[in-house]
Amino acid sequence: MVLGAPDADSAELYAETVTEGDPSWAGALAGVSLGLPVFHIMEPVIKDQIDPALAVEHLGLMEIALDVEKISGVLERLRKSC
Amino acid sequence: MYIVSSSAHHQPTKPVVQGVSYFLAHVPGLTCHGSKPSREIKKDPPLRESFRSHLRTFEEAVAYPPNQVFIGNLDPDDLAHVPSPWYKHPVRDGSRWGLFGEIMPEDEFYGMMKICDEFQLLLLEEGFVRAVAVKLRQHPLFSDADLLRLGNGVSLADIERQLADGATLPMYDRGGRLVGCVRTGHEEDPNLTAEILMENLSVRASGALALRHQVAATGRAEAVDFLLGGGEEAVGDRYNRGGGNMAKAIGELCGCSGAGGADIKAFCSGTVHAIVVAAGLVASGIFSDVVVVAGGSFAKLGMKFQGHLRHDMPILEDVIAAIAVRVGRDDGKSPVIRLDSIGKHEIGSGSSQQAIFDKLIAQPLDRLGLKFTQIDKYATEMHNPEITEPQGSGNVPRTNYRIIGSFAVLRGEIQRADLDRFVEEHGMLGFSSTQGHIASAVPVLGHAIRKMLSGERNNTMFVAKGSLFLGRMTQLADGMSFLLERNKGTQGGV
Amino acid sequence: MLLKSKKVIIIGERDGVQGPAIEACMRSVGAEPVITQTQCFV
């Protein structure tokens, strides 16, 4: 799964939902552990595979605007704990 | 003989914003009928109790700092000095009456919904109606004709009998007391259910009160030529789903007897689209006095209540918001909508943020010969972060201001290290209720006009985005923008 | 995690990176988007 969430909190909420189960225990995935690998489009491990010109066109602006380090940190931790 | 009129009336003109009004109704009793709460409470009925215990009183809603900013008693910049969380730091001298409008308590608003009801859909209990009538008689924007329409109410037994059919929707006060109900409009029409009619009545009621405040402030209701609806409701029956023209339904209650009307639909950015269309109608001379009016989005009441309950905070999405914007011919003082500044997201633009902000901000600025930093303030998605963050939806205005600043970085107009300062100087904190077409840029209009009239500000760029994909018809992004500029006092000319 | 030939679920966001923008990037590296959504939480 690849996310485009604007901050670490919302990325974490998504990622937890499809890995460990819905953390709010509200939706269809409450208590359901899908264990899907989740990445953010801005994480270097994903973004570096994209042709640089295309990445600039689609992601260049948001790379400056988003706190990529924080988002990456949260998702890396979640992937390791799965 | 064919005469071509040469009166000044038909000369091209600059469109100006002559006034803007905002209206909030604090409706804790209706909040359980918002889309998300109603679905969750149906699945888990005991939830109703904890839901009710987290609803605010009217006094709390009035004293809530973002609400005071919304109706014009505080400046958006004042919020930076209010400690977080805002709901724990009430404004001591907060008032229901504001420079731009008011915050109305629930009982009076239910009365207004009844006044809007021409098809005997809404029944209110007689004792409740008597008490409301006393209050509305004191309100400067209600007339004897309104009180006639309010009627005398019905007995509680009548309301309970209506509710037995299962299709009727109960109306409670904040404490859970049954005070009325809304009936279905047609047994076999899913577009006229009690839920939809309750939503449409609340949109009409809130829009009409925003418009009444507007015509009370700027005068001459009968001079309004045309009304444009910018709301997100869908008025219609099974043969005309979303048929619309809420605009005229609202104007009818505000003395706008000379106005035609129609609605503009574009999700959250609908209100800004409507303002741009209004500017075009005035500039072209087709009409000279146009009002954009948008009632509240009922469906979003309590949308993020689960996050609020999780953090044991009050349910903050308990207000219905509405706006009315009057666009007219250049009067030499009201702020000007620059016709050469209009930005639009095009079908072929693509949906990367870069493409969206290029179309909505960078290209208009290039046309105007301005740099990003020459815009005093940007008005973007103004959602109150205290509402969105507990549910993991982030700080929407801050994200958008960072995107705008990042564009200035990409163009080499500011350094990357100056991004935070750009956000601080050219942005503001979110203070709007989260109802899309209200939160999208337009809450800033009142403050921008006030500051331009006093000479404190030169310009503000309004940038609205819409989420067309929510309707499952297209993946396209959407958006519209315009620059509002201080009137330099030279009337006429384009 | 090599993206080529992988099936991907794309959840974009209105105020973050939108779904179609992510999809364009994924297709360019030979990944196969099976669902593309853009969310809007406000």
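Coordinates for the structure precede this section.
So, a few notes on the structure that sits alongside this text. Please read all numbers here as calculations on a predicted model, not as lab measurements. (Residues numbered from 1 in each chain as written. Chains lettered and ligands numbered in written order. Predicted model: local features only at pLDDT ≥ 70, side-chain atom pairs only at ≥ 80, totals over all residues. Heavy atoms only, no water.)

## A short note on the overall build of chain C
- Assigned secondary structure in chain C consists of one helix and two strands.
- Listed by position from the N terminus, the elements making up chain C come as β-α-β.
- Burial status across chain C gives 57% buried among its 42 residues.
- Sequence separation of 24 or more characterises 61% of the internal contacts of chain C that already satisfy a separation of 6 or more.
- For chain C, the accessible surface area stands at approximately 1700 Å², while carbon and sulfur atoms represent 55% of it.
- Taking the average location of the 5 positive side-chain charges in chain C and that of its 4 negative ones, the two points are 10 Å from each other. (Helix = DSSP H or I, 4+ residues; strand = E, 2+ residues; numbered from the N terminus. Buried < 20%, exposed > 50% of the residue type's maximum accessible area, 1.4 Å probe, protein only. Contact = heavy atoms within 4.5 Å. Areas by Shrake-Rupley, 256 points an atom, 1.4 Å probe, with all protein chains shown as cover. Lys, Arg positive; Asp, Glu negative; His and termini not counted. Charge placed at Lys NZ, Arg CZ, Asp CG, Glu CD.)

## Thoughts on the side chain of His 33 of chain B
Residue and element names in this part refer to chain B.
- Within the secondary structure, His 33 is located in the loop between α1 (28-31) and α2 (35-43).
- Classification of His 33 by relative accessible area gives buried; the value is 15%.
- Among the polar contacts made by the side chain of His 33, one reaches the main-chain carbonyl oxygen of Pro 170 at a distance of 2.7 Å.
- Once you skip the residues sitting within four places of it in the chain, His 33 turns out to touch Ser 38, Leu 169, Pro 170, Met 198 and Phe 298. (Polar contact = N/O pair within 3.5 Å; in protein donor to acceptor, adjacent residues only side chain to side chain.)

## Quick word on the sheet that holds strand β4 (residues 169-172) of chain B
Residues and elements named next belong to chain B.
- Across the sheet, which stays open at both edges, the three strands sit in the order β3-β5-β4 with antiparallel pairing between neighbours. Each end of this open sheet is capped by a strand with a single partner; those strands are β3 (122-124) and β4. Averaged over all adjacent pairs, the angle separating strand axes in this sheet is 25°, with direction ignored.
- Direction of pairing for β3 relative to strand β5 (residues 178-182): antiparallel, over a ladder of three bridges. From the neighbouring strand, Leu 124 faces β5, where its bridge partner is Gly 180.
- Strands in contact with helix α9 (residues 156-163) are β3, β4 and β5; relative to β5, the strand with the most contacts, it is inclined by about 45°.
- The sheet contacts of helix α10 (residues 194-218) involve β3, β4 and β5, and relative to β4 the element is tilted by about 40°. (Pairing = 2+ DSSP bridges. Axes fitted to C-alpha atoms, helices over the stretch in contact; angles between N-to-C directions.)

## Digging into the interface of chain A and chain C
- If you look at the interface, chain A gives 21 residues, while chain C gives 21 residues.
- Buried area between chain A and chain C, summed over both chains or domains, comes out near 1700 Å², and the portion from carbon and sulfur atoms is 72%.
- Three residues, Val 2, Tyr 14 and Gln 49 of chain A, lead the burial of chain A against chain C; their summed loss comes to 31% of the area buried on that side.
- At the junction of chain A and chain C, the tally comes to zero salt bridges.
- Inspection of the region where chain A meets chain C yields six residue pairs in polar contact (both at pLDDT 80 or more).
- For the side of chain A that touches chain C, the secondary structure elements donating two or more residues are β1 (2-3), α1 (8-19), α2 (44-47) and α3 (52-65) of chain A.
- At four residues, α3 of chain A tops the list of elements feeding residues into the side of chain A that touches chain C.
- Taken together, the residues that form the side of chain A that touches chain C break down as 17 nonpolar, four polar and no charged.
- Here β1 of chain A pairs with strand β1 (residues 7-13) of chain C via two bridges, running parallel. The residue of β1 of chain C that forms the bridge with Val 2 of chain A is Ile 10 of chain C. (Buried area = accessible area lost by both parts, 1.4 Å probe. Salt bridge = Lys/Arg side-chain N within 4 Å of Asp/Glu carboxyl O. Nonpolar A, V, L, I, M, F, W, Y, C, P; charged D, E, K, R; others polar.)

## Here's the deal with the pairing of strand β8 (residues 289-294) of chain B
Residues and elements named next belong to chain B.
- Most of β8 sits out of view: six of its six residues are buried.
- Here β8 shows no split at all, with Asp 289, Val 291 and Val 293 on one side and Val 290, Val 292 and Ala 294 on the other all buried.
- In this structure, strand β6 (residues 226-229) lies alongside β8, joined through four bridges in parallel fashion. Looking across to β8, one finds that Gly 229 is bridged to Val 293.
- Sheet topology places β8 next to strand β9 (residues 319-329); six bridges connect them, and they run antiparallel. The partner of Ala 294 across the bridge, within β9, is Ile 323.

## Quick look at the interface of chain B and chain A
- In this assembly, 20 residues from chain B lie in contact with 15 residues from chain A.
- Buried surface at the junction of chain B and chain A, summed over both partners, amounts to about 1400 Å²; 61% is from carbon and sulfur atoms.
- The largest share of the area that chain B buries against chain A comes from Gln 354, Gly 392 and Arg 416 of chain B, three residues that together contribute 27% of it.
- Taken together, the links from chain B to chain A amount to zero salt bridges.
- Here chain B and chain A share three residue pairs in polar contact (both at pLDDT 80 or more) between them.
- When residues of the side of chain B that touches chain A are traced back to their parent elements, those giving at least two are α2, α13 (305-310), α14 (353-368) and α16 (396-410) of chain B.

All we've got here are geometric facts, nothing functional implied.
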